[in-house]
Amino acid sequence: LFSATGFAAAISMLQSILGGRLLGPSTFGILGSITAFTSVINRFASFRMNVLVVRYVGLYEEQGDQERAAAVFKMAGLLEISGSLVAFVLIWLLAPIGAKLFANEPDLADWFRLYGLVVLANLIFESASGILQIFNRFNIIAIVTAVQSAITFLIIGVAFFAKWGLVAVVIAYMVGKTVGSFVITLYALRQAQQSWGPGWWRVPLGLLTDQKRSLLTFAFSTNISSTISLVAKDSEVLWVSAFVGTTQAGYYKTALALTNLLQLPVSPLPKATFPELSREIARQNWDNVRYILRQGSRLAAAYSVPVTILLILIGQPLISLTYGAEYLPTYPALVILLFGFTFVNIFYWNRVALLSLARPVFPTLVNFIGMLIK
């Protein structure tokens, strides 16, 4: 995961530089609005099924109850398909509002709708990635992550030299995400068949009747938490674009891209840590739980603190060299984000630890209070 994330982050940085230089701050901000609009609505309708799958499929696998494990995956897939269809309908209906409010270009509504098609490619992506995590198929996730990034970068690279503009960049993002989603889904279905047999999908959902309340509480809590997160954090480019314009949104999108350097080795840690925590907590191996958390924070801090200091020192010349002097107003936002992301990196495990302990409501309440303050 670290290798793939590092490669993807480097490629993402390069494609961001090419896209930023090709489009300019204002159009680059419009691109951020288009992608963020779809992401936010998709997250709004999503129940973060990868989290539920890791928590409960992992639990039943540890208990040797493969039928219930298969039933959880089946239920998660059905819920996620429903959520994806709702998200696509919302994107289609709200695209004119999104184009006018966030891009200041009502004529771009069809491009908001076009990019929204990636939601249909992600019908059960979250559930599928959760299955691959549970069965330690991180190699598949890593390879797909790298290939998806390479495909997007190649298309944007061609668009840069051919001067194709916004249309080509939007298509590049769509193709990369679609390929990644399809491959992850196919491998997850194959893994389910290998683990539970070819008829796993016929397992009755009635097996989960006694766990119905806890499953639904978990699903809705993570959905609400995700909604809070997308309003307070994941839709920041949209807020900036709506309140102060697409040019400022372009600067902010650039600052977020540069923080990828800080998140490079830390971003895969929650995905790798969550299944391990779930297993150790299910076994009540509390010494191992503490070890995982302690070592994770040490690793994150050892990387995050020096990189933050370095980026603060060389941030301005780095922006000028890569994106161009017109992007120098990005620097103040970058400094603020670096402090925030460093703190988040060091305690990256707080949410997955609480979810592993079957405490999904507490982080939801904390996130809600944080959203109000923000």
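Teacher, can you tell me more about the confidence of the model for the protein chain here?
Detailed conclusions should not be drawn from predicted coordinates in areas where pLDDT is low. Looking at the protein chain, the pLDDT average stands at 87 and 100% of residues meet or exceed 70. Mean pLDDT values over the elements of the protein chain span from 75, in helix 9 (residues 212-234), up to 93, in helix 15 (residues 331-346).

Just to check I follow, could you spell out the layout of surface pockets for this structure?
With a probe scaled to a water molecule rolled over the atoms, the places where space remains empty come into view. Of the pockets and cavities examined, the second largest pocket occupies roughly 260 Å³. Along the walls of the second largest pocket sit 15 residues, with Phe37, Val40, Ile41, Phe102 and Leu238 positioned nearest its centre. The set of elements that each furnish at least two residues to the lining of the second largest pocket consists of helix 1 (2-45), helix 3 (66-102), helix 9 and helix 10 (236-244). The element best represented in the lining of the second largest pocket is helix 3, accounting for 5 residues. Broken down by class, the residue content of the lining of the second largest pocket amounts to 12 nonpolar, 3 polar and no charged.

How should I be thinking about the environment of Val231 in this particular structure?
Inspection of the secondary structure puts Val231 in helix 9. Exposure remark for Val231: the relative accessible area of 32% places this residue in the partly exposed category. The spacing of Val231 and Lys212 is 19 residues in sequence and 28 Å in space, taken between C-alpha atoms. Setting aside anything within four residues of it in sequence, one finds Val231 in contact with Trp239 and Met371.

Looking at this model, I keep getting lost on the nonpolar core. Mind explaining?
Within the largest apolar cluster, 58 residues are counted, with the highest numbers of intra-cluster contacts made by Leu31 and Phe112. In this structure Leu31 touches Leu23, Leu166, Val169, Val170, Tyr173 and Lys253, once residues within four positions along its chain are discounted. Counting 49 residues, the second largest nonpolar core, distinct from the first, contains Leu59, Trp349, Ala353 and Leu355.

Quick question: what am I supposed to make of the packing of helix 2 (residues 49-62) against helix 9 here?
Helix-helix packing: each pair is described by the crossing angle between the helix axes and the interaxial distance. The N-to-C vectors of helix 2 and helix 9 enclose an angle of 150 degrees; their axes lie 10 Å apart at closest approach. Of the two elements, helix 2 crosses helix 9, and the hand of that crossing is right-handed. Contacts between helix 2 and helix 9 involve Val51, Leu52, Arg55 and Tyr56 on the former and, on the latter, Ser214, Leu215, Phe218, Ala219 and Thr222. Tallied by class, residues from the contact of helix 2 with helix 9 come to 6 nonpolar, 2 polar and 1 charged.

Sorry if this is basic, but what is going on with unusual backbone geometry here?
In this structure, Lys163 is a non-glycine residue whose phi angle is positive, near 60 degrees. Following the sequence through the fold, Lys163 ends up in the loop between helix 7 (138-162) and helix 8 (166-196). On the basis of relative accessibility, which here comes to 60%, the residue Lys163 falls in the exposed class. For Gln284, which is not glycine, the phi dihedral falls at a positive 60 degrees. Relative to the helices and strands, Gln284 is located in the loop between helix 13 (269-282) and helix 14 (286-322). Take Gln284: its relative accessible area is 55%, and that puts it in the exposed class.

Before we go on, may I ask you to explain the side chain of Ser356 in this structure?
Looking at where Ser356 falls in the secondary structure, it is placed in helix 16 (residues 350-356). Reaching out from Ser356, the side chain makes a polar contact with the backbone oxygen of Val352 at a distance of 2.8 Å. With residues near it in sequence (within four places) discarded, Ser356 still touches Arg55, Phe274, Leu277, Ser278 and Ile281.

Explain the side chain of Arg279 here, please?
Within the element layout of this structure, Arg279 appears in helix 13. One polar contact links Arg279 to Glu276, side chain to side chain, over a distance of 2.9 Å.

Would you explain helix 14 in this entry?
Note: α-helices contain 3.6 residues per turn, so residues at a spacing of three or four share the same orientation. Across its 37 residues, helix 14 extends only 47 Å between first and last C-alpha, which sits more than 12% below the 54 Å expected from 1.5 Å per residue. The largest bend along helix 14 reaches roughly 65 degrees and is located at Ile314, with the proline Pro317 sitting one to four residues downstream. Turning to helix 14, its buried residues number three or more, namely Val289, Leu293, Gly296, Ser297, Ala300, Ser304, Val307, Thr308, Leu311, Gly315, Ile319 and Thr322. Phi turns positive, to about 115 degrees, at Gly324, one or two residues after helix 14.

Conventions used here
Residues numbered from 1 in each chain as written. Predicted model: local features only at pLDDT ≥ 70, side-chain atom pairs only at ≥ 80, totals over all residues. Heavy atoms only, no water. pLDDT = per-residue confidence, 0-100. Helix = DSSP H or I, 4+ residues; strand = E, 2+ residues; numbered from the N terminus. 1 Å grid on protein atoms, 1.4 Å probe; cavity = no way out; pocket = protein on both sides within 12 Å on 5 of 7 lines; lining within 4 Å. Points joined across faces, edges and corners; volume = space filled by probe spheres on them. Nonpolar A, V, L, I, M, F, W, Y, C, P; charged D, E, K, R; others polar. Buried < 20%, exposed > 50% of the residue type's maximum accessible area, 1.4 Å probe, protein only. Contact = heavy atoms within 4.5 Å. Core = buried A, V, L, I, M, F, W, Y, C linked by side-chain atoms within 4.5 Å. Axes fitted to C-alpha atoms, helices over the stretch in contact; angles between N-to-C directions. Left-handed = near helix turned anticlockwise from the far one by under 90°. Polar contact = N/O pair within 3.5 Å; in protein donor to acceptor, adjacent residues only side chain to side chain. Expected span 1.5 Å × (residues − 1). Bend = angle between axes of the 7 residues up to and from the residue.

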